[in-house]
Structure formats: structure tokens, C-alpha cells
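Architecture and fold: a report
The lines below spell out each chain.
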Amino acid sequence: MPANEEIQQTFIMLKPDAIERGLVGEIISRFEQVGLKLLRMETKKLSKETVARHYKSLMQKPFFPKLEAYVTRGAVVATIWQGRDAIKVARKIVGATDPALAEKGTIRGDLGSNCTENLVHASDSPEAARSEIANFFGKVA
Ligand code: IDP
Ligand code: MG
């Protein structure tokens, strides 16, 4: 197996707009269709502390208060997926941050509303996946 195709786990969070708009099934289905395997799934209302740890690199950005209000206004669906090259595969089907710039065929390109309300989070590195999984689920056996 090539080194860039190792079996990985990734953290995917369906943000409150996914639940509000009835898009949970559609979004979960897209990850299944690219061959990723669902390991855990839990609906949660996030605390400000969890959000601060999750988005700590963005806390100084001017849009952080809006982002915090968005991801805490309703429940999210926190999930862990496993598969070959899972982190890159998931980021590819999620698409660019701004739905207006995301390619058609991606989740954000097809369904996202705007630069804040873009439906999904996906880990961007193995280190991020490990810390995000620990932040949302604690130590996973
Ligand atoms: P990503 O989710 O594509 O990895 P990040 O830059 O890590 O994008 O930003 C995290 C989240 O913060 C985005 O998904 C989006 O919800 C929000 N966000 C990012 N950039 C902006 C912005 O310029 N304005 C408003 N919200 C933003
Ligand atoms: Mg990010």
C-alpha cells in the first residue's frame, strides 16, 4: 500500500444547519458513497469550551464570534470515519470553505449556504483528527 494511502480516522462534524435543513442523511450518505466507514456518531449540543478548543487557531479572527454563535445555536452531529486516506478523501468531498468557490459535486458546492454556514467540518491532518476526536469523544478505546 503506498505511504499516502494509509488507513486513517477522521473527525467529521455536521454543523447545526445540516440538522436544521434536514440534510443529515444526504451528507452521511456522501461519505458512505466514497467508501468511508462510520465508526461513531453522536448528536451533541456544544459548550463554548469545546468550541474554543476545536477552533483555537481561529479565536483571534474577526469572524470567531459569529462562528461560535453558529455552531452553538443547535445540535451538531459528531462523527468518526475510517478508511484509506480518509482525511484527504473527506476534505475533497466536503469542498472549499466558501460554498461560492467550492466545486459542484462537493457537499459545500452543492448545498452550502455561505462562508460561515457551510454544513460540515472535516479534520485537515492526522494530528488535528486525533485532537478533535479526543475533544469531542474523549479517549476512544
Ligand atoms: P474549513 O472548515 O474549510 O477547514 P477553516 O478556515 O478551518 O475552514 O474555518 C473554520 C470554519 O470557520 C469554516 O468552516 C466556516 O464555518 C468559518 N469561517 C472560515 N472563514 C470564514 C470567514 O472568512 N468568514 C466567516 N466564517 C468563516
Ligand atoms: Mg479547518
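As shown above, the structure is provided for reference.
Below is a summary of the structure that appears in this document.

Conventions we followed
Residues numbered from 1 in each chain as written. Chains lettered and ligands numbered in written order. Predicted model: local features only at pLDDT ≥ 70, side-chain atom pairs only at ≥ 80, totals over all residues. Heavy atoms only, no water. Helix = DSSP H or I, 4+ residues; strand = E, 2+ residues; numbered from the N terminus. Buried < 20%, exposed > 50% of the residue type's maximum accessible area, 1.4 Å probe, protein only. Areas by Shrake-Rupley, 256 points an atom, 1.4 Å probe, with all protein chains shown as cover. Lys, Arg positive; Asp, Glu negative; His and termini not counted. Charge placed at Lys NZ, Arg CZ, Asp CG, Glu CD. 1 Å grid on protein atoms, 1.4 Å probe; cavity = no way out; pocket = protein on both sides within 12 Å on 5 of 7 lines; lining within 4 Å. Points joined across faces, edges and corners; volume = space filled by probe spheres on them. Nonpolar A, V, L, I, M, F, W, Y, C, P; charged D, E, K, R; others polar. Near = heavy atom within 4 Å. Polar contact = N/O pair within 3.5 Å; in protein donor to acceptor, adjacent residues only side chain to side chain. Sits in = over half its atoms within 2 Å of the grid points. Contact = heavy atoms within 4.5 Å. Core = buried A, V, L, I, M, F, W, Y, C linked by side-chain atoms within 4.5 Å.

Re the overall build of the protein chain
Helices and strands together make up the secondary structure of the protein chain, namely seven helices and four strands. Starting at the N terminus, the α and β elements of the protein chain follow one another as β-α-α-β-α-α-β-α-α-β-α. Structurally, the protein chain occupies a C-alpha span of about 45 × 35 × 25 Å along its principal axes. Looking at the protein chain as a whole, 46% of its 141 residues qualify as buried. Per element, the accessible surface of the protein chain, about 7600 Å² overall, is 52% carbon and sulfur. Mean positive and mean negative side-chain charge positions of the protein chain (21 and 17 charges, respectively) differ by 3 Å.

Overview of the layout of surface pockets
Here the largest pocket defines a volume of roughly 640 Å³. Lining the largest pocket are 24 residues; nearest its centre among them are His54, Tyr55, Ser57, Leu58 and His121. Only α3 (48-54), β4 (120-122) and α7 (126-137) provide two or more residues apiece to the lining of the largest pocket. Per-element tally for the lining of the largest pocket: the top contributor is α7, with four residues. Partitioning the lining of the largest pocket into residue classes produces eight nonpolar, nine polar and seven charged.

A look at the site of ligand 1
Within the structure, ligand 1 sits among Lys15, Tyr55, Leu58, Phe63, Leu67, Arg91, Thr97, Arg108, Cys115, Thr116 and Asn118. In the environment of ligand 1, an oxygen atom lies 2.9 Å from a nitrogen or oxygen atom belonging to the side chain of Lys15. Interatomic distance of 2.8 Å between a side-chain N/O atom of Asn118 and an oxygen atom of ligand 1. Burial of ligand 1 by the protein chains amounts to 76% of its free accessible area of 530 Å². Of all the cavities here, the one that holds ligand 1 is the largest pocket.

Digging into helix α4 (residues 64-72)
Among the residues of α4, Phe64, Leu67, Glu68, Tyr70, Val71 and Thr72 are the ones counted as buried. Considering only its buried residues, α4 is in contact with β1 (7-14), α1 (16-20), α3 and β3 (76-84).

Here's the deal with the nonpolar core
Ranked by internal contacts, the top residues of the largest apolar core, which has 19 residues, are Ile12, Leu14, Ile27, Phe31, Ile107, Leu119 and Val120. Ranked by residues supplied to this core, first place goes to helix α5 (residues 86-94) with four residues. Once you skip the residues sitting within four places of it in the chain, Ile27 turns out to touch Leu14, Ala18, Ile107, Leu119 and Val120. Core analysis: the next-biggest nonpolar cluster, separate from the first, contains 15 residues, Phe11, Val51, Tyr70 and Val76 among them.

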